[in-house]
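Commentary on secondary and tertiary structure
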Amino acid sequence: MAHIHDEDIDHILLTEPQIASRVQALGEQISRDYQGKELLVVGILKGAVVFYSDLIRRINLPMQMDFMVVSSYGSSTDSSGVVRILKDLSQDIQGKHVLIVEDILDTGLTLHYLTQILKHRSPASIEICTLMDKPERRKADIHAKYVGFTIPDAFVVGYGLDYDEKYRNMPSVGVLKEEVYRRG
């Protein structure tokens, strides 16, 4: 099926069926790993909302939901290294097992900063689940326990990921044509 943004996409990196299959497997693994524990699943908005929504429906155990909004990109294609918390958690995480759900682990600067802040709030544990991991771009010493896909260093959009607030509604993940973000 054609999508409104197809002309801006160089190629599809992850198809809808690939994503759905991997999200199912991640949900099953998380369900096993957190059996009998008090789990709080924290979605990082806006990018992770699509992945988060699909993932939590695959986690088969009692859990709580919360969200954070952090900013480090703006309209740029590279992380600024400056992280701002625009919306903090709405509940205390002391003694809880916290699973941070992110769309992409890139430089790691944002998640490193975020996990350091959350560790000071005395959770039982903090782990990261990311749909995509770009280890080539890592600038901070951080790793996700749960990784959907390891991807090459390409500018990807879709399935919640954006460029300048566009492309989030694509059902797959595609590589954005360079001329699109170079002219922006």
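First things first, this report covers the structure right here in the doc. Just so we're clear, the structure is a prediction, and the values are computed from it rather than from any experiment.

This part takes up the packing of helix 1 (residues 16–33) against helix 2 (residues 49–56). Close contact between helix 1 and helix 2 brings their axes to 9 Å; oriented N to C, the two are set at 55°. The orientation of helix 1 with respect to helix 2, classified from their angle, is oblique. Here helix 1 runs over helix 2; the crossing is right-handed. Residue-level contacts link Val23, Leu26, Gly27 and Ile30 of helix 1 to Phe51, Asp54 and Leu55 of helix 2.

A few words on the sheet that holds strand 7 (residues 146–150). An order of 4-3-2-5-6-7 is seen for the six strands of this open sheet, with the pairing classed as mixed. Each edge of the sheet is formed by a strand with only one pairing partner; in this case those strands are strand 4 (84–87) and strand 7. Between one strand and the next, the sheet's axes are offset by a mean angle of 30°, whatever the strand orientation. Pairing of strand 2 (residues 39–45) with strand 5 (residues 97–105) involves five bridges; the strand directions are parallel. Bridge assignment links Leu40 to a residue of strand 5, and that residue is Val98.

Bringing the pattern of salt bridges into the picture now. For the structure shown, the criterion picks out eleven salt bridges. The shortest N-O distance in the salt bridge between Glu165 and Lys46 comes to 3.2 Å. One end of the pair, Glu165, is in the loop between strand 8 (156–157) and strand 9 (173–176); the other, Lys46, is in the loop between strand 2 and helix 2, with 119 residues separating them in the sequence. You can call Glu165 partly exposed: its relative accessible area is 47%. For Lys46, a relative accessible area of 47% translates into the label partly exposed. Residues Lys134 and Asp106 are paired through a salt bridge, measuring 3.8 Å at the closest nitrogen-oxygen approach. Taken as a pair, Lys134 in the loop between strand 6 (125–133) and strand 7 and Asp106 in the loop between strand 5 and helix 3 (109–119) lie far apart in primary sequence, 28 residues in all.

Along helix 2, the residues that are buried comprise Phe51, Tyr52, Leu55 and Ile56. All buried residues of helix 2 lie within an arc of 115° about the axis, which places them on one face of the element. Among the structural elements, helix 1, strand 2, strand 3 (63–71), strand 5 and strand 6 are those in contact with the buried residues of helix 2.

Right, let's talk about the nonpolar core for a bit. Ile30, Phe51, Leu55, Cys129 and Met132 are the most contacted members of the largest nonpolar core, which has 29 residues in total. Setting aside residues up to four positions removed in sequence, Phe51 forms contacts with Val23, Leu26, Val101, Glu102, Cys129, Thr130, Leu131 and Tyr159. The next biggest cluster of nonpolar side chains, apart from the first, holds 19 residues, and it includes Leu40, Ile44, Leu118 and Ile128.

About the cut-offs
Residues numbered from 1 in each chain as written. Predicted model: local features only at pLDDT ≥ 70, side-chain atom pairs only at ≥ 80, totals over all residues. Heavy atoms only, no water. Axes fitted to C-alpha atoms, helices over the stretch in contact; angles between N-to-C directions. Helix = DSSP H or I, 4+ residues; strand = E, 2+ residues; numbered from the N terminus. Parallel < 35°, antiparallel > 145°, perpendicular 65-115°, else oblique. Left-handed = near helix turned anticlockwise from the far one by under 90°. Contact = heavy atoms within 4.5 Å. Pairing = 2+ DSSP bridges. Salt bridge = Lys/Arg side-chain N within 4 Å of Asp/Glu carboxyl O. Buried < 20%, exposed > 50% of the residue type's maximum accessible area, 1.4 Å probe, protein only. Arc of directions from axis to C-beta. Core = buried A, V, L, I, M, F, W, Y, C linked by side-chain atoms within 4.5 Å.

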